[in-house]
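Chain and residue survey
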Amino acid sequence: MAGQDNGLTNVSLPFAQLNSALQEYVNAPMKGLMHFQQALLSVKNVSLPAISSPLYQRQFVSLVSAVDGLLAVGSPYFEEYHRAFLSATDALFQVMIANQFGAERSRQLEGLLSSDRACWVLIASLNDSSSTSPVYGNYEAEFDSISASGVKIDTYFDDFSHVGNVSFQLDSAQNGRIKGRFWLVTVQSLTWLKMTFPHLHWRLLSRHDDTPLKALCEASFLPLFQNLTMHRDSRYRLLSMFESRFKRQFYQSFGAFFLTQDTSIHHSTRLVPSLVSGESFEVQNGYYYYPMRQGGSVYIGRAAKHEDAAGEAYLACLGHDYLSYRLYEVETPNGKCVFPHDECLGRYRVTDLDVYCVGQTWWFHCGSHLDAEIVLSMPLSETDRDAFCFLMSDVEHVLLVQQGHRFFAVPYVSIRDVEGVCSRMPSQRSWAKNIWVNPLNQAMVEPWLFDGDPLFEAASKKERMKFIQSAKNGYYFVNVCGRMFWVEASLVLSVLPYQVPQTIIQFTDAGTECVDFLVHDGHCVDRILSGATFGEELAVSSAKAAFTLILEWQNESILVSCSSCDWHDNVPDYDVAFDGISSLLPTSEEGGRDFLSSALSSEMLINKKNYLSFVAGVWPSFSLA
């Protein structure tokens, strides 16, 4: 076919070289990309002069630019890049062959070159990325000649030298058995190393300077987001630059966490925090996988496709999502709440034909085999609102919201767009899915819409909440409703003028419950030690609170509202109670006040040794992280 009398040279050979180079890209990324680049130049000399299609020439140049960009950042291998290059190469080849039968036949296949196809979208994104510096990782691989399947150290040295800088530490050599560790600095991922060298035990030690830079990014983004004294255009321009850099450095698409791509992976293109470990997950039959943001962190969620199978669970915590997002602020009779755009499917007008009732639950049908439960009563309310339940006849508009793999239709009175950053919560809470803050530092509640307990068991622990604070010496002597506490200064994150907590009402099967919380520096704290904590019988002083202290240690944060706060370099010599409290710990929430009553026979010392026990004593229903 390639030898038609239309003046075209045989194109089969250079396209065969492209496919060969892409096969090589899997095992030797840099060498494969270099050969792919060379083969593209050969194809260019053959095809571009012969094909006048602007779309063909534009996409060909886009592919060449993407390859050049990957070579410039060290030739990392990613499966999605490999698939995109294969699909793009096949499209170019088919259009090239069709062109030998005439320009009209070639134009009929130009749909293969459409910018909407996934392969060309990914290639375009590579070209849009302004990253020009390689991102290296430090890896360690344990070597044991017994389990190395006959592969020599020299062979590994030769292979590793093509993907990065390598060194070897010999641990032991006895009776012909050699044990040691390879240290490799490379741009390749942990997944690729495990796939290519399966007989070695790999682990990621660190990424060059990633941790300090990430900590700096997290600490600086919210203050910039809430800096309203800056000119509006300058603020948004700087925020855009920050977000672009952060996403390239510390985020990845959700689908990239899985070894195979499957339709059961929902929101696969959504950007989520990347794991430093480079861990990957297998897709199991019978489950959906989706990203879930809860308490400011993003989890890999898994749900059974069939109702009779196991319920929802978290496979891993990916880390804190500290960027800003667009939100829908929904006005309901119970007050305002927010839902992020990326978890909403749109706003709909409700007609009688769209709704139906199953038992006592109303459902909204919005087409495409999608039905959502109508939330007639919100699980949370503002304190100045009465409990309210929508009547189905009053529902005119709904916002379609997805939480996990379930869909809900939320009726609203009005709705508007706002922007917010998700605050961090020390651990999962049943009263709210997330607490967001706007540029004015006003808290916005994103409620759970599930019936019953919506908390999912996390398969791995969350990141520790990391406040940036300087070292402090001495002790603070504080008065909380007539009770005196000595607090080790290193526990105190901030001393602030008295902050009035925000209160919302949670509706549960047992009735209503008031929840107090405060957001400070992007962290939400809902454990508050104040006069109300002791009960009226212990409120021996009516002194008005003048200060708010935020205490934090080992991922546990509390607020202390006090009427006085004085610093001392040491605790006085006289006896101070409460240096050891494990025997006093209550086992129920009701026991919290009795615990304080029995422990507060004199001044109380709170230090790092007993802080966690103190938290567990006052709030026994909260499990310590």
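As the structure is a computational prediction, the values presented were derived from the model and not from experiment.

Here we come to the overall build of the chain. Tallying secondary structure elements over the chain gives 13 helices and 32 strands in all. Looking at the chain residue by residue over its 625 residues, the buried ones come to 47%. Taking as baseline every contact in the chain between residues at least 6 positions apart, the subset at least 24 positions apart corresponds to 65%. A total of about 30,300 Å² of accessible surface is found on the chain, and carbon and sulfur atoms cover 50% of it.

The backbone of His267 shows a phi angle near 55°, a positive value even though the residue is not glycine. Mapped onto the elements of the fold, His267 is located in the loop between strand 5 (251-253) and strand 6 (271-273). Its relative accessible area of 30% is what places His267 among the partly exposed residues. The phi angle at Asp521 is positive, at roughly 55°, despite the residue not being glycine. One can find Asp521 in the loop between strand 26 (511-520) and strand 27 (523-525). Exposure remark for Asp521: the relative accessible area of 43% places this residue in the partly exposed category.

Further remarks concern the pattern of salt bridges. Close approach of charged atoms lets side chains of opposite charge pair. Counting across every chain of the model gives 17 salt bridges. Arg83 serves as the salt-bridge partner of Glu79, at 3.2 Å between the closest nitrogen and oxygen. Of this pair, Glu79 and Arg83 both sit in helix 4 (residues 79-99), separated by four residues, roughly a single helical turn. We classify Arg83 as partly exposed; its relative accessible area is 33%. Between Glu419 and Arg326 there is a salt bridge, with the nearest N and O atoms lying 3.9 Å from each other. On the criterion of sequence distance, the pair formed by Glu419 in strand 19 (residues 414-422) and Arg326 in strand 10 (residues 324-332) is long-range, its members being 93 residues apart. On the basis of relative accessibility, which here comes to 14%, the residue Glu419 falls in the buried class. For Arg326, a relative accessible area of 39% puts it in the partly exposed group. A cluster of three or more residues bridged by salt bridges with shared partners is formed by Arg293, Asp321, Asp342, Glu343, Lys433 and Glu446.

What follows is about the nonpolar core. The biggest cluster of nonpolar side chains holds 52 residues, and the ones touching the most others in it are Phe36, Tyr56, Leu63, Phe85, Trp120, Leu200 and Trp202. Discounting chain neighbours no more than four positions away, the residues touching Trp120 are Gln59, Leu63, Ala88, Ala91, Leu92, Leu112, Leu113, Ser114 and Ser115. Counting residues in hydrophobic clusters, the runner-up holds 31 residues, among them Leu323, Tyr325, Trp436 and Cys524.

Pairing between strand 22 (residues 475-480) and strand 23 (residues 483-488): six bridges, direction antiparallel. What sits directly across from Tyr476, in strand 23, is Val487. Connecting the antiparallel pair strand 22 and strand 23 is a turn made up of two residues, with Cys481 showing a positive phi of about 55°. Sheet analysis places strand 23 next to strand 32 (residues 604-606), joined by three bridges and oriented parallel. Bridged to Phe485 within strand 32 is Met604.

What follows concerns the sheet that holds strand 27. The strand order across the open sheet formed by four strands is 16-25-26-27, and the pairing between neighbours is antiparallel. Each edge of the open sheet is held by one strand with a lone partner, namely strand 16 (380-382) and strand 27. Here the strands of the sheet are splayed against their neighbours by 35° on average, with no regard to which way each runs. Bridge count between strand 25 (residues 502-508) and strand 26: seven bridges; the pairing is antiparallel. Opposite Gln502, over in strand 26, you have Phe517 as the bridge partner.

Attention now moves to the packing of aromatic side chains. Tallying each qualifying case throughout the model produces 34 aromatic pairs. A network of ring pairs unites the aromatic residues Phe143, Tyr156, Phe157, Phe160, Phe168, Phe182, Trp192, Phe197 and Trp202 as a single cluster. One Lys or Arg, Arg235, reaches over the ring of Phe225 and ends 5.4 Å from the middle of that ring. We note Lys433 situated over the ring of Trp448; from NZ or CZ to the ring centre the distance is 6.0 Å.

Attention shifts here to the sheet that holds strand 18 (residues 406-411). Read from one edge to the other, the open sheet built from six strands follows the order 12-17-18-15-14-13, with strand pairing classed as mixed. Two strands in the sheet have a free side with no partner beyond their single neighbour: strand 12 (344-349) and strand 13 (355-358). Mean inter-strand twist for the sheet, computed between neighbouring axes without regard to direction, equals 35°. Relative to strand 18, strand 17 (residues 397-403) runs antiparallel, the two being bridged by six bridges. Looking at strand 18, one finds that Gln402 is bridged to Phe407.

Let us now look at the confidence of the model for the chain. Confidence in the prediction for the chain averages 81 pLDDT; 83% of positions are at 70 or higher. Within the model, the stretch residues 1-9 combines pLDDT values under 50 with 17 contacts to residues more than four positions away or in other chains. Here residues 464-468 is modelled with pLDDT under 50, and outside its nearest four sequence neighbours on either side it reaches 18 contacts, counting other chains as well.

In this section: the environment of Leu370. Along the polypeptide, Leu370 turns up in the loop between strand 14 (361-365) and strand 15 (371-374). Put simply, Leu370 and Phe407 are 37 residues apart on the chain and 8.3 Å apart in space, counted from C-alpha to C-alpha.

Attention shifts here to helix 10 (residues 232-250). The end-to-end C-alpha separation of helix 10 is 26 Å, in line with the 27 Å expected for 19 residues at 1.5 Å each. Buried within helix 10 we find Arg235, Leu239, Glu243, Phe246, Gln249 and Phe250. Buried residues in helix 10, looked at end-on, bunch into an arc of 135°, giving them a common side.

Glancing now at the state of the cysteines. Considering all chains together, one arrives at zero disulfides under this definition. Cys337 supplies the cysteine sulfur nearest to Cys344, a cysteine that is in no disulfide, at a spacing of 9.9 Å.

Attention now moves to the environment of Ala545. Relative to the helices and strands, Ala545 resides in the loop between helix 11 (531-534) and strand 29 (547-553). When neighbours within four sequence positions are excluded, Ala545 is seen to be in contact with Tyr498, Ser561, Cys562 and Ser563.

Moving on, we get to the side chain of Lys433. Tracing the backbone through its elements, the reader meets Lys433 in the loop between strand 19 and strand 20 (434-437). Polar contacts involving the side chain of Lys433 include one to the main-chain carbonyl oxygen of Arg293, which spans 2.7 Å.

About the thresholds
- Residues numbered from 1 in each chain as written.
- Predicted model: local features only at pLDDT ≥ 70, side-chain atom pairs only at ≥ 80, totals over all residues.
- Heavy atoms only, no water.
- Helix = DSSP H or I, 4+ residues; strand = E, 2+ residues; numbered from the N terminus.
- Buried < 20%, exposed > 50% of the residue type's maximum accessible area, 1.4 Å probe, protein only.
- Contact = heavy atoms within 4.5 Å.
- Areas by Shrake-Rupley, 256 points an atom, 1.4 Å probe, with all protein chains shown as cover.
- Salt bridge = Lys/Arg side-chain N within 4 Å of Asp/Glu carboxyl O.
- Core = buried A, V, L, I, M, F, W, Y, C linked by side-chain atoms within 4.5 Å.
- Pairing = 2+ DSSP bridges.
- Axes fitted to C-alpha atoms, helices over the stretch in contact; angles between N-to-C directions.
- Phe/Tyr/Trp six-rings, centres within 6.5 Å; stacked < 30°, edge-to-face > 60°.
- Lys NZ or Arg CZ within 6 Å of the ring centre and 35° of its normal.
- pLDDT = per-residue confidence, 0-100.
- Expected span 1.5 Å × (residues − 1).
- Arc of directions from axis to C-beta.
- Disulfide = S-S within 2.5 Å.
- Polar contact = N/O pair within 3.5 Å; in protein donor to acceptor, adjacent residues only side chain to side chain.

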